[in-house]
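What the coordinates show
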Amino acid sequence: MFPDWKSWRHVVKLDPDKPADEWLIEQVVESGTDAVIVGGTQNITREKVLRLYKLLKPYQLPKVLEVSTIEAITFGFDGYLIPVVLNAGNPKWIIGAHKEAVKLAGDLMAWKEVLPEGYIILNPDCAAAELTEALYSLRKSDILAYARCGENLFSLPLIYIEYSGSYGNPELVSYIKSGLTKARVFYGGGIDNAQKAEMMSRMADTIVVGNMVYTESIRNLKDTVKAVK
Ligand code: 1GP
């Protein structure tokens, strides 16, 4: 079963392509975050995912894998997040890669362990935007329409507003959140201190922090958790 993700307020995303050791994992676990997502866009291999998985395994914290490539799917995680990129310019990232994975898994596909997420990528300079050929220069109304399509046409339980690498506009996040009725809103991008965490946690249901754990800002990690709770 996918863990009880609806209660998560703060999540750390660890990138298999970035260096991690026991110390870093300890900082993450001891910060009080609600869960760890293992996921990234570039150079993701099964070896790198497995390495992170082994470091995380001793801890109780929910650990889920955000699947970005079929090749790196690793068993043992508590759940699997499947991104559907709503504003992808290349349809492969809306349904193509997913179809290939499901075809490969056939009857063995463990649907109960899967949670689909409707991504809206809003930082045109991030790696995911480049890969998916994300459509940008969107108006507020376009972004909300993507989110509503995700929620109502695709019945996605989660809309992920992705600003990876840059801090987004809190008002825009709030506008999207208030235009949805059922889907929960995750926000990720550029959070590296308590103030930014607190602000975005007022706008979204869950905040995701990533890059800060690979920089000196890791010393602020505990404070970002405190700020949202
Ligand atoms: C990336 O949304 C996450 O997918 C977090 O972004 O690395 O900018 O914190 P940052």
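Preceding this section is the structure that the text describes.
Residues numbered from 1 in each chain as written. Predicted model: local features only at pLDDT ≥ 70, side-chain atom pairs only at ≥ 80, totals over all residues. Heavy atoms only, no water.

Time to look at the side chain of glutamate 151. Relative to the helices and strands, glutamate 151 is located in helix α5 (residues 140-153). The buried charged residue glutamate 151 lacks any salt bridge partner; its closest oppositely charged side chain belongs to lysine 182, at an N-O distance of 4.7 Å. Engagement of the side chain of glutamate 151 in a polar contact is seen with the backbone nitrogen of lysine 182, the distance being 2.6 Å. Dropping the residues within four chain positions of it, glutamate 151 is found in contact with Leu156, Ile159, Leu180, Thr181, Lys182 and Ala183. (Helix = DSSP H or I, 4+ residues; strand = E, 2+ residues; numbered from the N terminus. Buried < 20%, exposed > 50% of the residue type's maximum accessible area, 1.4 Å probe, protein only. Lys, Arg positive; Asp, Glu negative; His and termini not counted. Salt bridge = Lys/Arg side-chain N within 4 Å of Asp/Glu carboxyl O. Polar contact = N/O pair within 3.5 Å; in protein donor to acceptor, adjacent residues only side chain to side chain. Contact = heavy atoms within 4.5 Å.)

As a further point, take the packing of helix α7 (residues 194-203) against helix α8 (residues 221-228). Two packed helices can be described by the angle between their axes and the distance between those axes. Where α7 meets α8, the closest approach of the two axes is 8 Å, and the angle between their N-to-C directions is 30°. The orientation of α7 relative to α8 falls into the category roughly parallel. Classified by chirality, the crossing of α8 by α7 is right-handed. In this structure, α7 uses Ala194, Ala197, Glu198 and Ser201 to contact α8, whose residues at the interface are Asp223, Thr224, Ala227 and Val228. Looking at the contact of α7 with α8, its residues break down into four nonpolar, two polar and two charged. (Axes fitted to C-alpha atoms, helices over the stretch in contact; angles between N-to-C directions. Parallel < 35°, antiparallel > 145°, perpendicular 65-115°, else oblique. Left-handed = near helix turned anticlockwise from the far one by under 90°. Nonpolar A, V, L, I, M, F, W, Y, C, P; charged D, E, K, R; others polar.)

So, on to the pairing of strand β1 (residues 10-14). The element β1 is largely enclosed, with a buried count of five among its five residues. Of the two faces of β1, the one carrying His10, Val12 and Leu14 and the one carrying Val11 and Lys13 are both buried. Here β1 runs beside strand β8 (residues 206-209); their pairing, made up of three bridges, is parallel. By the bridge assignment for β8, valine 11 is matched with valine 208. In terms of strand pairing, β1 meets strand β2 (residues 35-38) through four bridges, oriented parallel. (Pairing = 2+ DSSP bridges.)

What follows deals with the pattern of salt bridges. Within this structure, the stated rule accounts for ten salt bridges. Among the ionic pairs, lysine 48 bridges to aspartate 17, the shortest N-O distance being 2.8 Å. Separated by 31 residues along the polypeptide, lysine 48 in helix α2 (residues 46-56) and aspartate 17 in the loop between β1 and α1 (22-30) bring together distant segments of the chain. Judged by relative accessible area, aspartate 17 falls into the partly exposed class, the value being 31%. A salt bridge links lysine 196 to aspartate 192; the shortest N-O distance between them is 3.0 Å.

Near the ligand, the surroundings consist of Lys13, Tyr160, Glu162, Ser164, Gly165, Gly188, Gly189, Gly190, Val208, Val209, Gly210 and Asn211. Here an oxygen atom of the ligand and a side-chain polar atom of glutamate 162 are 2.5 Å apart. In isolation the ligand exposes 300 Å². Once the protein is present, 90% of that is buried. Looking at the shell around the ligand, the elements that each hand over two or more residues are β6 (158-162) and β8. (Near = heavy atom within 4 Å. Areas by Shrake-Rupley, 256 points an atom, 1.4 Å probe, with all protein chains shown as cover.)

Another aspect to go through is the nonpolar core. One broad rule of soluble globular proteins: the nonpolar side chains tend to lie buried together. Leu14, Val28, Val38, Ile161, Tyr187 and Val213 are the most contacted members of the largest nonpolar core, which totals 50 residues. Sorting elements by how many residues they give to this core places α2 first, with five residues. If near-sequence neighbours (up to four positions away) are discounted, isoleucine 161 is found in contact with Ile120, Leu122, Val173, Ile176, Val185, Phe186, Tyr187 and Gly188. Among the nonpolar cores identified, the runner-up in size contains 22 residues, and Phe2, Trp8, Ala88 and Trp93 belong to it. (Core = buried A, V, L, I, M, F, W, Y, C linked by side-chain atoms within 4.5 Å.)

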